[in-house]
Amino acid sequence: MSKINNIAVVGAGTMGLGIAQVCALSGYVVKLFDLNEKSLQTAEQKINVNLNKGIEKGKISKQQKSEGLKNLNFTHNFNDLKADLFIEAVVEKLEVKIQLFNQLMENNGDTAIYASNTSSIPLSQIAGKCKFPEKVIGIHFFNPAHIMKLVEIIKPAQADKALIRNTKSFVKSIGKVPILVQDSPGFVVNRVARHFYVESLKVLEDGVADLTTIDALIKNMGFKMGPFELMDLIGVEANYNVTKTMFEQFNFDAKFRPSRIQKAKVDAGLWGRKTGKGFYEYDK
Ligand SMILES: NC(=O)c1ccc[n+]([C@@H]2O[C@H](COP(=O)([O-])OP(=O)(O)OC[C@H]3O[C@@H](n4cnc5c(N)ncnc54)[C@H](O)[C@@H]3O)[C@@H](O)[C@H]2O)c1
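Computed from a predicted structure; not experimentally measured.

(A) Spatial organisation of the overall build of the protein chain. Tallying secondary structure elements over the protein chain gives eleven helices and eight strands in all. The C-alpha atoms of the protein chain give 19 Å as radius of gyration, which agrees with the globular expectation for 284 residues (19 Å, within 12%). Seen through its principal axes, the protein chain has C-alpha atoms that stretch 55 × 45 × 30 Å. Counting all 284 residues of the protein chain, 42% fall into the buried class. Across the protein chain, every contact between residues at least 6 apart in sequence was considered, and the portion connecting residues at least 24 apart equals 65%.

Pasting the structure below:
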């Protein structure tokens, strides 16, 4: 693998937009792609808001904003996607990710790196169904991607040492902290954090306390956000999909069982901040 210059981020939702922003501000030439034109427009607006907040807080200069934006292109033309590194941040579904990587591999061959931002799907399962399995790796950003420093790098069985080395140095080059972990459902952070959500939903289901009380208690313990606030930030449906994947991947172990309350929110389209309503209501 030669030097990384061009990056394509596939999926311009909650995570993709933040990842594209960080990469463009770090000097990479970035294409942000989505099938859905509306998602691309929203992503452009949100990136602007993020960058303006960064200027207000003194984290970046106006010049960094304008240079970063020059590096960033928005596209919904799949054939535009030529890059040294692909980072996919599409829906948390194994088949969708496999199909996407195979299409990208068809167009870009075996010299690029194909990284997934999956929260929970074992990378070996994705890689195993891809044309170039040795080029697939996990780069797991945390939400909000333009702020959170930690990035889990997940090594599928098929990955070689050069791929890991190049991925680690890329993650460092965008100012993040890469931590290498072995491939397993939910990796480390999401596996441990799953109980933060699952158990809070159970407490709510059991009527022990209402959700604002649960959030308030947890925040008073020193957590930055309560579990319900955090699910709204993550995306209630995104969080639900991760729990569902982990429940299946851990052979239906009851400790990962998804909540009916959360399922009802997903079915009703109450997905949190991105839809204006989830466990709480937000100004659009
Ligand atoms: N939301 C989080 O807090 C979070 C954190 C870490 C990792 N992740 C993971 O990142 C990935 C994306 O999550 P998200 O919350 O950003 O989702 P999201 O629903 O906000 O965005 C997904 C975007 O992908 C687009 N899309 C769907 N299929 C596509 C395809 N085949 N090609 C191109 N675009 C496609 C959708 O139009 C949408 O804009 C998931 O795998 C998720 O598990 C999410």
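(B) Highlighting the packing of helix H7 (residues 189–205) against helix H9 (residues 227–234). Following both chains from N to C, one finds H7 and H9 inclined at 120 degrees, their axes separated by 10 Å at the closest point. Relative to H9, H7 is oriented so that their crossing is left-handed. Residues Phe196, Tyr197 and Ser200 of H7 pack against Pro227, Phe228 and Met231 of H9. Of the residues that constitute the contact of H7 with H9, the class distribution is five nonpolar, one polar and no charged.

(C) Structural detail: the packing of H9 against helix H10 (residues 236–249). With their axes 5 Å apart at the nearest point, H9 and H10 run at an angle of 100 degrees to one another. With respect to each other, H9 and H10 are oriented roughly perpendicular. Across the interface between the two elements, Met231, Asp232 and Ile234 from H9 touch Val236, Ala238 and Asn239 from H10. Its residues placed into classes, the contact of H9 with H10 shows four nonpolar, one polar and one charged.

(D) Inspection of the nonpolar core at higher detail. Formed by 53 residues in total, the largest nonpolar core has its most connected members in Val9, Ile19, Phe86 and Ile137. The element contributing the most residues to this core is helix H1 (residues 14–25), with eight residues. Discounting residues that sit within four places of it in the chain, Phe86 has contacts with Ala8, Val10, Leu104, Ala112, Tyr114 and Ala115. The next biggest cluster of nonpolar side chains, apart from the first, holds 18 residues, and it includes Tyr197, Leu230, Tyr240 and Val242.

(E) Main features of the site of the ligand. Lining the immediate environment of the ligand, one finds 27 residues, of which Gly11, Gly13, Met15, Ser39 and Asn143 sit closest. Within the residue set of the shell around the ligand, elements represented by two or more residues are H1, helix H4 (94–108) and H10. The greatest single-element share of the shell around the ligand, amounting to three residues, is contributed by H1.

Parameters at a glance
- Counting of residues starts from 1 at the beginning of each chain's written sequence and follows it residue by residue.
- In keeping with the predicted nature of the model, local features appear solely for residues at pLDDT of at least 70, side-chain atom pairs appear and are counted solely at 80 or more, and the whole-chain, interface and lining totals rest on all residues.
- Working definition: helices are DSSP H or I runs of at least four residues, strands are E runs of at least two. Numbering for both runs from the N terminus.
- A radius of gyration in this sense is built from C-alpha atoms; the matching globule rule multiplies 2.2 Å by the number of residues raised to 0.38.
- The burial label depends on the number of other C-beta atoms within 10 Å of a residue's C-beta. Counts of 20 or more mean buried, 12 or fewer mean exposed, and intermediate counts mean partly exposed, with C-beta atoms placed from the backbone.
- Two residues qualify as being in contact provided that their C-beta atoms, derived from the backbone, are within 7 Å of each other.
- Fitting a line to C-alpha atoms yields each axis, with helices limited to the stretch in contact; the angle taken between N-to-C directions then spans 0 to 180 degrees.
- We call a crossing left-handed when the near helix sits turned anticlockwise from the far one by less than a right angle, and right-handed when that turn is clockwise.
- Classification convention: Asp, Glu, Lys, Arg as charged; Ala, Val, Leu, Ile, Met, Phe, Trp, Tyr, Cys, Pro as nonpolar; all other residues, Gly among them, as polar.
- Note on angle classes: values under 35 degrees are labelled roughly parallel, values over 145 roughly antiparallel, values of 65 to 115 roughly perpendicular, and the remainder oblique.
- Nonpolar cores are identified as sets of buried Ala, Val, Leu, Ile, Met, Phe, Trp, Tyr and Cys residues joined via C-beta atoms within 7 Å.
- Using a C-beta atom placed from the backbone, a residue is scored as near a molecule or strand whenever that atom is within 6 Å of it.

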